[in-house]
Amino acid sequence: MTASTTPLGPGTLKLGETATALDVSCQLTAAQVEWDKDKEDDETTLCGDVVPGDTTYTATLSGTLYQDLAVATGVVAYTWENKGQAVPFEFVPNTAAGATVTGTVVVDPITVGGDEMKAKMTSDFEWDCVGEPDITFGGAAMMAEPDAEVLEPA
């Protein structure tokens, strides 16, 4: 297989229900869906067999965006008004590549303000996904099986 790379952008990030989604794409300077792995220790039985520990994966949607304090319907207002709410999202890291990540995140309000006078204010965010997000590559969805057991070699 030859190497294949994809740059971030141009793409989109939309928050909320499809018909009324807030498109925050032009506020973003960074965005990614990240996975965290939590694996319990393997256990050895008396006969020497090894029982693998359970593995749990959780995902977050994170990134950096410009604060739009002059816009009453912008992303800062949206996160403050919807704090703690589970909202759907659609993330397209690169439109030409055709991959789309969809799911639900719990919105936390983003920081307002900055560290440096006269600098453009940005906020980092990290929102927990509810369940597992789905990814579609060029039209074919790859969905995790909700009750699938993940085993790791001993």
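Positions within a chain are numbered from 1, following the residues in the order the chain's sequence is written. pLDDT decides what is reported in this predicted model: residues at 70 or higher carry local features, side-chain atom pairs at 80 or more are listed and counted, and totals for whole chains, interfaces and linings draw on all residues regardless. Working from all heavy atoms in the structure, the side-chain values ignore hydrogens and water.

1. A closer look at the pairing of strand 1 (residues 12-15)
We apply this condition: The buried label applies to any residue whose accessible area, calculated with a 1.4 Å probe on protein chains only, is under 20% of its type's maximum; exposed applies above 50%, and partly exposed to all values in between. Note on conventions: DSSP H or I runs of at least 4 residues are helices, E runs of at least 2 residues are strands, and numbering of each starts at the N terminus. Any two strands between which DSSP finds at least two bridges are classified as paired.
Only one face of strand 1 is covered, namely the one carrying L13 and L15; the face carrying T12 and K14 has none of its residues buried. Across 4 bridges, the pairing between strand 1 and strand 7 (residues 86-92) is antiparallel. Counted as the bridge partner of K14 is E90 from strand 7. Of the pairings in the sheet, the one linking strand 1 to strand 2 (residues 22-23) comprises 2 bridges and is antiparallel in character. Its bridge partner being in strand 2, L15 is matched across the sheet by L22. Two successive antiparallel strands, strand 1 and strand 2, enclose a turn made up of 6 residues, where G16 displays a positive phi of approximately 105°.

2. Focus on the packing of aromatic side chains
We count it as follows: Only Phe, Tyr and Trp rings are paired, with Trp represented by its six-membered ring, and only when their centres lie within 6.5 Å; those with planes under 30 degrees apart are stacked, over 60 edge-to-face, the remainder tilted.
Under the criterion given, the structure shown has 1 aromatic pair. Aromatic pair F125 and W127: ring centres 4.4 Å apart, planes at 35°, arrangement tilted. Both residues of the pair, F125 and W127, belong to the buried class.

3. Describing the side chain of T64
Put simply, the rule reads: Any pair of nitrogen or oxygen atoms within 3.5 Å is treated as a polar contact; in protein, a donor-acceptor pairing is required on top of that, and neighbouring residues in sequence qualify only through side-chain atoms on both sides. Only heavy atoms matter for contacts: two residues are in contact if any of them lie within 4.5 Å across the pair.
As for its placement among the helices and strands, T64 is situated in strand 6 (residues 55-66). Within the structure, the side chain of T64 is placed 2.6 Å from the side chain of D124, a separation counted as a polar contact. For T64, the contacting residues outside a window of four places in its chain are Q27, L28, T29, A30, T122, S123, D124 and F125.

4. Focus on the nonpolar core
So the rule is basically this: For our purposes a nonpolar core is just a set of buried Ala, Val, Leu, Ile, Met, Phe, Trp, Tyr and Cys residues, chained together by side-chain atoms within 4.5 Å.
Counting residues in hydrophobic clusters, the biggest one holds 22 residues, and the most contacted among them are L13, L61, F89, V105, F125 and W127. Listing elements by their share of this core, those giving two or more residues are strand 1, strand 3 (28-39), strand 6, helix 1 (75-81), strand 7, strand 8 (99-106) and strand 9 (122-128). With sequence-adjacent residues up to four places away left out, L13 is seen in contact with L22, D23, V24, S25, L28, L61, F89, E90, F91 and F125.

5. Quick word on the pattern of salt bridges
This is how the line gets drawn: When a carboxyl oxygen of Asp or Glu lies within 4 Å of a side-chain nitrogen of Lys or Arg, that pair is called a salt bridge.
Taken as a whole and judged by the stated rule, the model has 1 salt bridge. For D42, the salt bridge identified is with K39, shortest N-O distance 2.6 Å. Residue classification places D42 among the partly exposed positions, given a relative accessible area of 34%. Residue classification places K39 among the partly exposed residues on the basis of a relative accessible area of 28%.

6. Examining the side chain of D68
Put simply, the rule is: Think of it this way: Lys and Arg go in the positive column, Asp and Glu in the negative one, and His and the chain ends go nowhere.
Inspection of the secondary structure puts D68 in the loop between strand 6 and helix 1. The buried charged residue D68 lacks any salt bridge partner; its closest oppositely charged side chain belongs to K83, at an N-O distance of 15 Å. At 2.8 Å, the side chain of D68 forms a polar contact with the backbone nitrogen of V75. Setting aside residues no more than four positions away along its own chain, D68 makes contact with Q27, G74, V75 and V76.

7. Some words on the sheet that holds strand 3
The condition that has to hold: In this analysis an axis means a line fitted to C-alpha atoms, helices contributing only their contacting stretch, and an angle means the value between N-to-C directions, from 0 to 180 degrees.
Read across the open sheet, the 3 strands follow the order 3-6-9; overall the sheet is antiparallel. In this open sheet, the two edge strands, each paired with only one partner strand, are strand 3 and strand 9. Averaged over all pairs of adjacent strands, the angle between their axes in this sheet comes to 20°, without regard to strand direction. Pairing of strand 6 with strand 9 involves 7 bridges; the strand directions are antiparallel.

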